[in-house]
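Listed below are the residues making up each chain.
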Amino acid sequence: MAKRQFKIWRGNKNGGEFANYQTEIEPGMVVLDAIHSIQAESAGDLAVRWNCKAGKCGSCSMEINGKPRLSCMTRMNSLPANETVTLQPLKTFPVIKDLVTDVSWNYRQKEKIQPLKPKPRDADGNYRMMQEDVDRIQEFRKCIECFLCQDVCHVLRDQDQANNFVGPRFMIYLASLEMHPLDTADRIPTIRKEFGSGLCNITRCCTEVCPEHINITDNGIIPLKERVVDRFYDPVMWVKRKFFGV
Amino acid sequence: MTTQEIAVGGYSKGFSQTHRTDRWWIGPLLTFLGFSSFIVYSTWAALQGNHYFYGSYLSPFYSPLLFVDPSVTGGASLEHAWFGGWPSWWPSFVPASPAFLVLAFPGAFRFTCYYYRKAYYRAFAFTPPGCAVTALPQKNYKGETFLLLFQNLHRYALYFALFFIIILFSDAVQAFFRDGKLGIGVGSIVLLLNATFLSCYTLGCHSFRHLVGGKLDCFSCDATSSTRYGLWKRVTLLNENHMLFAWISLFWVGFSDVYVRLVSMGIWHDLSTWGN
């Protein structure tokens, strides 16, 4: 057992400050355990959102020593032992209280996206998909909507482009629809314009922080950007479409 | 989403602000030093216009040789040029170096490469310098929609890069022959590795991955899409190591020029079966 020092931001949308705490750390504890200890011992009103404690619900996202992470999946022994642990709410979203942010902006983005529009069923009334056609989009379905990728994306975080860019989470959602073998909808024009694919400069921070290890950039965003190129920027593709209809 | 006040969440405004305690700046710093070194060296090497040829070794910076000036020290003879002697119309204020006729093409491929974009946006443009590190403030961030719109034409740079692979493999094969005699030297291996690394980098390109099969929604619909699926899977294997091959091939292409240059200058001795 060892005592560890914590610096936790306390406040609400009007402001706040860092408060210092300390608690005993036992082997195997994660940051969320430590927060619960602090709540029990010295800060009963400390707000933190959590649910499954198994890295699957995406509720306990916060910034730990400056990095967007899930507090339930960050082991205390993975943090430098001699350093104070700094805990902050996600920077990109408005603070509700302490470590809890209002992530409802993300749900409004999702509502804007045209859902799956499947092609007609086969003659026997079934839909058929081969495994190789769905393998690619299965990766995107691992997303737990923790919004760490949204938080770390500098386009949303630093460049104030929330009205023009949906963020990495919804780029992979769009990719999962666009690459779906049954889907017939055409979202490419909206991906370029309303959802702002050109604002992403592929610096890959979203991929680096994803707790589900989804290769957001290489497998989701870049393939979408290439589809946008096919449609809007490649002159040869334009000629093929115009004169040969392909 | 609303704009937050300066103190909310404990975040300070301003370039490179972060609460990260790790050495996040090492990656961008190494990238900056690596790219800067390569740019300085390759520009210097291109400006020289000499010592780019030895025996049957041709520096990749000078390949393909469109025109040559046979009087240059360490240069190739006329028979190696695609179009003969150095053109009279070449402006006198531009150094007469064959490298100037070719370097723009691989340069464009690397500049618009999806991996390199990440690397230089972080290390040179600071947008952002690191993850969760405040980016350089921009009044009206445009991403790749305005001045950087040309990044969307990466695939055209790819087409040239694919052509260069064929040429560089041809150079590598020629490096195993000298005066019609089959042999092997350290330079042969250096140039063969150069073409191999560049192939691994080029064939792992994101645009190539898209064009060979990634653009399809159905991989199983017909024989053609099944074939393209097979290609896409192979390209994906290379694509997963795109960063690795980007750096290895960058280093090796520079080293290949250094090797040919120093052997041509007589500073290094090329061990070979030809014995000279």
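Residues numbered from 1 in each chain as written. Chains lettered and ligands numbered in written order. Predicted model: local features only at pLDDT ≥ 70, side-chain atom pairs only at ≥ 80, totals over all residues. Heavy atoms only, no water.

Asker: Would you mind showing me how to read helix H3 (residues 114-123) of chain B here?
Answerer: In an α-helix, one full turn covers 3.6 residues, which means residues spaced three or four apart are oriented alike. Where burial is concerned, most of H3 of chain B is hidden: ten out of the ten residues are buried. Taken residue by residue, H3 of chain B has Tyr114, Tyr115, Tyr116, Arg117, Lys118, Ala119, Tyr120, Tyr121, Arg122 and Ala123 of chain B as its buried positions. (Buried < 20%, exposed > 50% of the residue type's maximum accessible area, 1.4 Å probe, protein only. Helix = DSSP H or I, 4+ residues; strand = E, 2+ residues; numbered from the N terminus.)

Asker: Looking at this model, I keep getting lost on a nonpolar patch on the surface. Mind explaining?
Answerer: Together, Trp25, Ile26, Leu29, Leu30, Phe32, Leu33 and Phe124 of chain B line one region of the surface with nonpolar side chains, adding up to about 630 Å² of accessible area. Looking at the element boundaries, isoleucine 26 of chain B is found in helix H1 (residues 26-48). (Patch = residues over 30% accessible without salt bridge, like charges linked within 9 Å, V, L, I, M, F, W, Y side chains within 5 Å. Areas by Shrake-Rupley, 256 points an atom, 1.4 Å probe, with all protein chains shown as cover. Salt bridge = Lys/Arg side-chain N within 4 Å of Asp/Glu carboxyl O.)

Asker: I would appreciate a short explanation of the state of the cysteines in the present structure.
Answerer: Using the criterion set out here, one finds two disulfides over all chains in the structure. Here cysteine 205 of chain A engages in a disulfide with cysteine 131 of chain B; their sulfurs sit 2.2 Å apart. Taking the torsion about the S-S bond as the criterion, the cysteine 205 of chain A to cysteine 131 of chain B disulfide, at about -90°, is left-handed. Within this pair, whereas cysteine 205 of chain A is found in helix H8 (residues 205-209), its partner cysteine 131 of chain B is found in the loop between H3 and helix H4 (154-174), the two belonging to separate chains. (Disulfide = S-S within 2.5 Å.)

Asker: Whenever I open this one, the pattern of salt bridges confuses me. Can you help?
Answerer: A side chain of one charge can pair with a side chain of the opposite charge when the charged atoms of the two come close. Within this structure, the stated rule accounts for 29 salt bridges over all chains. The salt bridge partner of aspartate 122 of chain A is arginine 128 of chain A, with a shortest N-O separation of 3.0 Å. Look at arginine 128 of chain A and you get partly exposed, because its relative accessible area is 48%. Here aspartate 22 of chain B and arginine 20 of chain B are joined by a salt bridge, their closest N and O atoms 2.7 Å apart. When its relative accessible area of 29% is taken as the criterion, aspartate 22 of chain B is described as partly exposed.

Asker: Looking at this structure, I do not really get the pairing of strand S3 (residues 61-64) of chain A. What am I missing?
Answerer: Remark: a regular strand shows side chains that alternate across the two faces of the sheet. Residue and element names in this part refer to chain A. Here S3 shows a buried face lined by Ser61 and Glu63 and a second buried face lined by Met62 and Ile64. With four bridges joining them, S3 and strand S4 (residues 67-70) adopt antiparallel strand pairing. Looking across to S4, one finds that glutamate 63 is bridged to proline 68. Once S3 ends, the chain turns through two residues before running back antiparallel as S4, passing asparagine 65 with a positive phi of about 50°. The sheet contact formed by S3 and strand S5 (residues 85-88) spans two bridges and is antiparallel. Across the sheet, the residue bridging to glutamate 63 is glutamine 88, located in S5. (Pairing = 2+ DSSP bridges.)

Asker: Honestly, the interface of chain A and chain B in this entry has me stumped. Any pointers?
Answerer: Each partner contributes to the interface: chain A provides 64 residues, whereas chain B provides 55 residues. Here chain A and chain B share an interface that buries about 4,900 Å² over both sides, 52% of which is from carbon and sulfur atoms. Applying the counting criterion to the chain A and chain B interface returns eight salt bridges. Between aspartate 234 of chain A and arginine 155 of chain B there is a salt bridge, with the nearest N and O atoms lying 2.9 Å from each other. Taken together, chain A and chain B are joined by 33 residue pairs in polar contact (both at pLDDT 80 or more). Here the side of chain A that touches chain B is composed, by residue class, of 26 nonpolar, 16 polar and 22 charged. (Contact = heavy atoms within 4.5 Å. Buried area = accessible area lost by both parts, 1.4 Å probe. Polar contact = N/O pair within 3.5 Å; in protein donor to acceptor, adjacent residues only side chain to side chain. Nonpolar A, V, L, I, M, F, W, Y, C, P; charged D, E, K, R; others polar.)

Asker: Help me out: how do you make sense of the confidence of the model for chain B in this one?
Answerer: Low pLDDT marks regions whose predicted coordinates should not be analysed in detail. With 97% of its residues at a pLDDT of 70 or more, chain B shows a mean pLDDT of 94. Here residues 1-6 of chain B scores under 50 on pLDDT; set against residues more than four positions off or in separate chains, the count is 17 contacts. (pLDDT = per-residue confidence, 0-100.)

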